[in-house]
Amino acid sequence: MKDDLSADTSQAFRSTSVRADILLDRGPGEFRIGLIVLSNDYATERDFINMRPGDQVAIFSTRIPNCVECTPENLARMAPNITSCTQLLVPEGRLDVVAYACTSGTVVIGYDAVRERIQTARPGVPCVTPITASLAAFEKFGARRLAVLTPYVDEVNSAVDAHLAEQRKEVVGFSSFGIEDNEEMSALTPEAIFQAALKADRRDADALFISCTAIRAVDVVERIEQALGKPVVTANQAMVWQSLRTAGCDTKVPGFGSLLRMH
């Protein structure tokens, strides 16, 4: 009897229609960025939000499984999951660009392989990575000779160094904290990064490159640039810059180095 009453009530229910008032736009975010973040990354989403020029930029993120130890073998293990993670990014919605947030991972896996896996899920959507965005930034600054600072162990550093050489960049100094544990990378203080950056720079370097999306380098990039008097490019700063420009957003963002004040 109770079930019959419920069925009768449901069938009798009628809401007041306001369909005549429907107005549609393109949804939240004039410029939409899809972001693939490592499962143990604490910095990238925060950095994207902090460097976002305003509400016209919407950021949709997902996470990809990653090991605690940052080694070439573990970085390579992310590759098979890139497509499935990309599929989780507002699957029925519009995206203007997809960013894969791992500098060393892109170096190990290869940019073309990362892009292919992303575009398997999102055909035709441009792909941004920290290393390719940083290389584009160096070109913007006309920087060929680089001083480099990373948190990595040398097994990973050697891959980054070789990749920069392949891209016709001359590394005049390579400094590293020598950290393997991703949790330790995330706990590295901005002040430690600032002090290390001053030591990592070389007088004959055109720019300083601070690699790795997991560290809080963007917190001090403006200070470092002012102290050194030359361009400073960090992984997340470059990735945000290229993601915005690729998505069609030309808004300049102050406070995070000269790169984000450039088109």
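The following paragraphs examine the structure supplied in this document. Note that the structure is predicted; figures quoted are calculated from it, not measured. (Residues numbered from 1 in each chain as written. Predicted model: local features only at pLDDT ≥ 70, side-chain atom pairs only at ≥ 80, totals over all residues. Heavy atoms only, no water.)

**Let's talk about the sheet that holds strand β8 (residues 232-234)**
The test is simple: Pairing between strands requires that DSSP locate at least two bridges from one strand to the other. Under the DSSP-based scheme used, a helix requires at least four consecutive residues in state H or I and a strand at least two consecutive residues in state E, with every element numbered from the N terminus. Axis definition: a line fitted to C-alpha atoms, over the contacting stretch in the case of helices. Angles run 0 to 180 degrees between N-to-C directions.
Judged by pairing direction, the sheet is parallel, and its four strands sit side by side in the order β6-β5-β7-β8 without closing on themselves. Both edges of this open sheet fall to β6 (170-176) and β8, since each of them pairs with a single strand only. On average, each strand axis in the sheet is inclined to that of its neighbour by 20°, with strand direction left out of account. Sheet analysis places strand β5 (residues 145-150) next to β6, joined by six bridges and oriented parallel.

**Let's talk about the pattern of salt bridges**
What counts is decided by this rule: Each reported salt bridge corresponds to a side-chain nitrogen of Lys or Arg within 4 Å of a carboxyl oxygen of Asp or Glu. A 1.4 Å probe rolled over the protein chains alone gives each residue an accessible area, and that area as a share of the maximum for its type sets the label: buried under 20%, exposed over 50%, partly exposed in between.
Throughout the structure, instances matching the rule amount to 13 salt bridges. The salt bridge involving R46 is made with D47; its shortest N-O contact spans 2.9 Å. Residue R46 is classed as partly exposed on the basis of its relative accessible area of 30%. The exposure class assigned to D47 is buried, which follows from its relative accessible area of 0%. With a shortest N-O distance of 2.6 Å, D204 and R145 are connected by a salt bridge. Taken together, the residues D204 in the loop between α10 (190-200) and β7 (207-210) and R145 in strand β5 connect sequence positions 59 residues apart. Put simply, R144, R145, E170 and D204 are held in one network by salt bridges that share partners.

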